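Listed here are the chains, written in short residue letters.
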Amino acid sequence: MQAVTLGPAGTYSHRAARAVADDVAFRESVTSIVDAVADGSFERGVVPIENSIEGSVSESLDAVANSDVSVVQEIVTPIRHALLAQGEEFDVVASHSQALAQCRSYLDENYPDVALEAVASTARGVERARADPSVAGIGHPDNQGDDLQIIAEDIQDRSSNATRFLVVAPESARSDAGGKTSIVVYPNANYPGLLLELLEAFAERDVNLSRIESRPSGNRLGDYLFHIDADAGLYEERMQQALADVEEIAQNGWVRVLGSYDTRHVLY
């Protein structure tokens, strides 16, 4: 099996993808990863969906909502950030925007005058540091190699920093088995009590929601769809009944069932 994820080699996404497949290819954006799975170019894709410090990854939410894919597993891994550079003097810190945000307090305290540069991935930032002595990167300490120094380790703002990745697959691979289910709901409606109705469909059946998040539909200002993660599998009658209610509430819009899956914890 071949998986595709954010590149180049050495990203946190790459580390998560190695738990899925030995053969890993790379793309420069989450959208291109999901598209490559949807069109059959790859059997699996691994995308970051949520970080414990910075919250959800909007591009990932939008990509899975807009593509014909399923979710077959989630991978949770701790994130360890190190500051990597050729020397202790540099003018720029380059990394993924999420990594820069996750290390905001450390950077503000120790490098208040250094410019921050958002790049496509943590590995791209480390590549910039390798090529330019005036640039430092933020990435996993294992990315040091022979030509960079570890200026500081564990610079993330919270030691509990962890990221949740989704393993996406073709729609045909969707499963009803697993302890967690993800759906996307577009009600195409707006009236008092709409969100309450959606929540009650699960609460009345004792189904816990571990996450619910709204995203703009893109159709018009103030129009939203909802990403919902439920702690129940599609094989369960209570989940089937809740989903039936949700589909009735969203009869003027649509419901995308991404599938049921289990969680895998990967330590690095």
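Residues numbered from 1 in each chain as written. Predicted model: local features only at pLDDT ≥ 70, side-chain atom pairs only at ≥ 80, totals over all residues. Heavy atoms only, no water.

Would you take a moment to explain the pattern of salt bridges for this structure?
Following the criterion strictly, the structure yields 20 salt bridges and no others. Note that aspartate 245 and arginine 205 form a salt bridge whose closest N and O atoms lie 3.0 Å from each other. Placement of aspartate 245 in helix α8 (residues 237–249) and of arginine 205 in the loop between α7 (194–203) and β13 (209–216) is noted, with a sequence separation of 40 residues between them. (Salt bridge = Lys/Arg side-chain N within 4 Å of Asp/Glu carboxyl O. Helix = DSSP H or I, 4+ residues; strand = E, 2+ residues; numbered from the N terminus.)

What should I look at first to understand the domain arrangement of the protein in this one?
It is common to give the size of an interface as the accessible area lost on bringing the parts into contact. Taken domain by domain, the protein consists of domain 1 (1–77 + 160–170), domain 2 (80–151) and domain 3 (178–261). Look at where the C-alpha atoms of domain 2 and domain 3 centre, and you get two points 39 Å apart. (Domains from an automatic or database assignment.)

Looking at this structure, I do not really get empty space enclosed by the protein. What am I missing?
It is a probe the size of a water molecule, rolled over the atoms, that shows where empty space is left. The final tally for this structure, using the stated rule, is 2 cavities of 30 Å³ or more. Lining the largest cavity are 17 residues, and of these Tyr12, Pro48, His96, Gln98 and Thr122 sit closest to its centre. Counting residues per element, the ones that place at least two in the lining of the largest cavity are α1 (12–17), β3 (44–51), α4 (97–102) and β11 (162–170). Ranked by the residues each element gives to the lining of the largest cavity, the list is headed by α4, at 3 residues. Across the lining of the largest cavity, the residue classes break down as 7 nonpolar, 10 polar and no charged. Each of two domains, domain 1 (1–77 + 160–170) and domain 2 (80–151), supplies a minimum of three residues to the lining of the largest cavity. Approximately 60 Å³ is the volume attributed to the second largest cavity. (1 Å grid on protein atoms, 1.4 Å probe; cavity = no way out; pocket = protein on both sides within 12 Å on 5 of 7 lines; lining within 4 Å. Points joined across faces, edges and corners; volume = space filled by probe spheres on them. Nonpolar A, V, L, I, M, F, W, Y, C, P; charged D, E, K, R; others polar.)

I tried to follow the nonpolar core on my own but got confused; where do I start?
It is characteristic of soluble globular proteins that their nonpolar side chains tend to be buried jointly. Val30, Val34, Val37, Phe42, Val47, Val71 and Leu166 are the most contacted members of the largest nonpolar core, which has 24 residues in total. Of all elements in the fold, only β1 (2–6), α2 (30–38), β3, α3 (58–65), β5 (69–78), β11, β12 (180–186) and β15 (254–265) reach the threshold of two or more residues within this core. With 5 residues, the single largest contributor to this core is α2. Looking at this core, you find at least three residues from each of domain 1 (1–77 + 160–170) and domain 3 (178–261). If we skip the residues at most four places from it in the chain, phenylalanine 42 touches Gln2, Ala3, Val4, Ala25, Arg27, Ala36 and Val37. Grouped together as the second largest cluster of nonpolar side chains are 19 residues, Leu194, Ala201, Phe226 and Val257 included. (Core = buried A, V, L, I, M, F, W, Y, C linked by side-chain atoms within 4.5 Å. Buried < 20%, exposed > 50% of the residue type's maximum accessible area, 1.4 Å probe, protein only. Contact = heavy atoms within 4.5 Å.)

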